[in-house]
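Fold and geometry: a report
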Amino acid sequence: MDTSKITTKFKELYGAEGAVYTAPGRINLIGEHTDYNGGFVLPGAIDKAIYCVIKPNGTAKVRAYAPDENPQLVSLSSEFGLEEADRPKDRWAQYIFGVCREMVKRGATIPGFDILISGDVPLGAGMSSSAALESCVGFALTDTFALSFDRLQLALIGQATEHNYVGVKCGIMDQFVSCFGKEGSLIRLDCRSLEYEYFPFDPKGYRLALINTCVAHLLGGEYNERRESCERVVAAIAKKHPEVALLRDANPCMLKEVANQVSAVDYIRAEFVIEEIQRLLDTCELLKKGDYEAAGRKMYETHTGLSLKYTVSCPELDFLNEKAKEYGVAGSRVMGGGFGGCTINLVKDELCDTFIAKTTEAYEKAFNIKPIVYNVAIKDGAKKLNV
Ligand code: GLA
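Cut-offs and rules
- Residues numbered from 1 in each chain as written.
- Predicted model: local features only at pLDDT ≥ 70, side-chain atom pairs only at ≥ 80, totals over all residues.
- Heavy atoms only, no water.
- Helix = DSSP H or I, 4+ residues; strand = E, 2+ residues; numbered from the N terminus.
- Rg over C-alpha atoms; globule rule 2.2 N^0.38 Å.
- Buried < 20%, exposed > 50% of the residue type's maximum accessible area, 1.4 Å probe, protein only.
- Contact = heavy atoms within 4.5 Å.
- Areas by Shrake-Rupley, 256 points an atom, 1.4 Å probe, with all protein chains shown as cover.
- Pairing = 2+ DSSP bridges.
- Axes fitted to C-alpha atoms, helices over the stretch in contact; angles between N-to-C directions.
- Parallel < 35°, antiparallel > 145°, perpendicular 65-115°, else oblique.
- Left-handed = near helix turned anticlockwise from the far one by under 90°.
- Nonpolar A, V, L, I, M, F, W, Y, C, P; charged D, E, K, R; others polar.
- Disulfide = S-S within 2.5 Å.
- Domains from an automatic or database assignment.
- Salt bridge = Lys/Arg side-chain N within 4 Å of Asp/Glu carboxyl O.
- Polar contact = N/O pair within 3.5 Å; in protein donor to acceptor, adjacent residues only side chain to side chain.
- Near = heavy atom within 4 Å.

**A word on the overall build of the chain**
A tally of regular secondary structure across the chain gives 11 helices and 13 strands. A compact globule built from 387 residues would reach a C-alpha radius of gyration of about 21 Å, and the chain, at 21 Å, matches this within 12%. Taking the principal axes of its C-alpha atoms as reference, the chain extends roughly 60 × 55 × 40 Å. Counting the 387 residues in the chain, one finds 58% classified as buried. Excluding contacts between residues fewer than 6 apart, the proportion of contacts in the chain whose partners are at least 24 apart in sequence is 71%. Here the chain has roughly 15,900 Å² of accessible surface; of this, 51% comes from carbon and sulfur atoms.

**A short note on the pairing of strand S4 (residues 62-65)**
Of the pairings in the sheet, the one linking S4 to strand S5 (residues 77-80) comprises 4 bridges and is antiparallel in character. Residue pairing for S5: Ala-64 is matched across the bridge by Ser-78. Relative to strand S6 (residues 113-119), S4 is paired through 4 bridges, and the arrangement is parallel. For Ala-64, the partnering residue across the bridge sits in S6 and is Ile-115.

**A word on the packing of helix H2 (residues 91-105) against helix H3 (residues 129-144)**
It is at 10 Å that the axes of H2 and H3 come closest, and there the two elements cross at 50 degrees. In terms of their interaxial angle, H2 and H3 are classed as oblique. Considering the relative orientation of H2 and H3, their crossing is right-handed. Residues Trp-92, Tyr-95, Ile-96, Val-99, Cys-100 and Met-103 of H2 pack against Ser-130, Leu-133, Glu-134, Val-137, Gly-138, Leu-141 and Thr-142 of H3. Grouping the amino acids of the contact of H2 with H3 by side-chain chemistry returns 9 nonpolar, 3 polar and 1 charged.

**A look at the packing of helix H10 (residues 315-326) against helix H11 (residues 349-367)**
Packing of H10 against H11 brings their axes to within 10 Å, and their N-to-C directions diverge by 145 degrees. As H10 runs across H11, the sense of the crossing is right-handed. Here Pro-315, Glu-316, Phe-319, Leu-320, Lys-323 and Ala-324 of H10 lie close against H11, whose contacting residues are Phe-355, Thr-359, Ala-362, Tyr-363, Ala-366 and Phe-367. Along the lines of polarity and charge, the residues of the contact of H10 with H11 split into 9 nonpolar, 1 polar and 2 charged.

**Brief notes about the state of the cysteines**
Applying the stated rule across the entire model yields 0 disulfides. Left without a disulfide partner, Cys-284 is nearest to the cysteine sulfur of Cys-191, which lies 12 Å away.

**Let's talk about the domain arrangement of the chain**
By the assigned domains, the chain splits into domain 1 (4-201 + 379-385) and domain 2 (206-375). With centres defined by C-alpha atoms, the gap from domain 1 to domain 2 works out at 25 Å. Taken together, the contacts link 35 residues of domain 1 with 45 residues of domain 2. Between domain 1 and domain 2 we count 3 salt bridges in total. The partner of Asp-249 in a salt bridge is Arg-192, and the shortest N-O contact between them spans 2.3 Å. Here domain 1 is connected to domain 2 by 18 residue pairs in polar contact (both at pLDDT 80 or more). Among the secondary structure elements, those contributing two or more residues to the side of domain 1 that touches domain 2 are strand S1 (19-28), strand S2 (40-41), strand S3 (43-56) and strand S7 (185-190). Ranked by the residues each element gives to the side of domain 1 that touches domain 2, the list is headed by S1, at 3 residues. When the residues that make up the side of domain 1 that touches domain 2 are grouped by side-chain class, the tally is 14 nonpolar, 12 polar and 9 charged.

**A look at the sheet that holds S7**
Taken together, the 3 strands give an open sheet; going across it, the order is S2-S7-S8, and neighbouring strands pair in antiparallel fashion. Only two strands of the sheet have a single partner each, and these edge strands are S2 and strand S8 (196-200). Here 2 bridges tie S2 to S7, and the two strands are oriented antiparallel to one another. Looking across to S7, one finds that Val-41 is bridged to Leu-189. Those strands touched by helix H5 (residues 173-180) are S2, S7 and S8, and its axis lies near 135 degrees from that of S7.

**Focus on the sheet that holds S5**
Consider a sheet: its strands pair through backbone hydrogen bonds, and that pairing is either parallel or antiparallel. As summarised here, the arrangement of the 6 strands in space is S5-S4-S6-S3-S1-S13, forming an open sheet in which the pairing is mixed. Pairing within the sheet leaves two strands with one partner each, and these edge strands are S5 and strand S13 (383-385). Each strand axis lies, on average, 25 degrees off the axis of its neighbour in the sheet, ignoring direction. Together, S1, S3, S4 and S6 form the strand contacts of helix H1 (residues 4-14), whose direction differs from that of S6 by roughly 150 degrees.

**What about the site of the ligand?**
Near the ligand there are 13 residues, and of these Glu-32, His-33, Asp-35, Asp-174 and Tyr-223 occur at the shortest range. Within the side chain of Arg-26, a nitrogen or oxygen atom sits 3.0 Å from an oxygen atom of the ligand. At 2.7 Å from an oxygen atom of the ligand is found a side-chain nitrogen or oxygen belonging to Asp-174. For the ligand, the protein covers 96% of the area, taking 310 Å² as the surface of the free molecule.

See the structure below:
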């Protein structure tokens with residue numbers, strides 16, 4: 001993104017130059033809804049990011065501005081203090097406020113500042129625009145005010161912002177990859193221990209294409225409900241197996257033992273999660289061997305599980321998945337929290353153009369919505385920009 005527009009706008013608004021920071025959105029190749037169950041994920045930071053321009057303003061207030069023409073923004077500017085009672089009304093400003101509050105709770109002193117937020121991570125597309133915003137603000141504040149938070153703490157601060165100020169009981173995947181992303185590598189993250197490994201990803205002869213259904217995806221109630229299902233199953237299993245604290249610790253036999261103690265819905269959701277954690281490990285082995293066709297088949301299995309067992313797909317996503325199968329795409333599935341957003345497709349180079357052309361045409365005909373296609377590149381995590 002060309003940042004000259006936002007630096008110029010910042011100067012026009014606040015009469016001084018500010019420093020520019022950025023943090024990316026993400027893809028996730030496989031391992032969905034596993035993070036809050038202590039399992040593994042395989043995300044990568046992408047070349048779509050949130051940017052901010054920031055400068056201390058010598059007061060105790062935050063003045064925030066978001067110039068994007070975005071229907072989800074109620075108003076474009078917001079001014080607020082940093083006491084708990086000062087919570088701003090606008091949802092976008094609550095992310096900034098939440099990050100500040102979580103930092104204050106961890107002992108930081110944050111003076112007033114001016115901030116302008118922009119970016120090109122599409123909202124509601126399952127690419128984690130909100131985690132990118134949290135990581136960008138967290139990173140910018142840490143650098144601007146010489147705070148002592150490291151990248152892991154910043155990821156945890158972003159996650160806590162979601163939990164306490166946005167109301168989404170998310171896992172750690174999105175914030176972690178936005179802070180730790182590395183060009184050319186996915187991250188195999190163990191969400192229980194938070195140990196991670198960079199996983200070089202350069203599928204020769206294949207492309208990664210995202211197709212956005214453009215169906216709104218706002219995580220909230222439905223997402224938290226999935227998490228509660230998992231927690232109820234863990235509680236049932238832990239009665240006999242107290243060492244089980246998360247679904248990551250459970251196996252299919254343990255799940256079967258509680259079949260009569262949990263609801264059918266909870267059971268099948270937990271079954272998906274246990275399978276998905278194993279599927280990720282199997283997929284990593286296939287990727288190491290360079291067997292992208294077999295890894296792609298795992299992605300289809302994930303889609304089926306997310307659609308039929310975890311029920312976080314929708315007709316639009318299922319349609320795109322079917323088309324991918326029809327055109328011989330190696331792997332395709334709903335990406336991120338679900339309920340709309342994008343499919344991620346691992347496509348052989350020579351198939352890609354036809355698949356995209358035919359699928360977008362058919363999708364538009366079926367739903368009267370023009371889907372958006374993104375070819376993503378895997379990039380670095382949060383950083384300061386020298387402009
Ligand atoms: C959202 C959440 C993540 C993760 C995914 C599903 O993106 O923010 O923590 O749970 O959904 O894998």
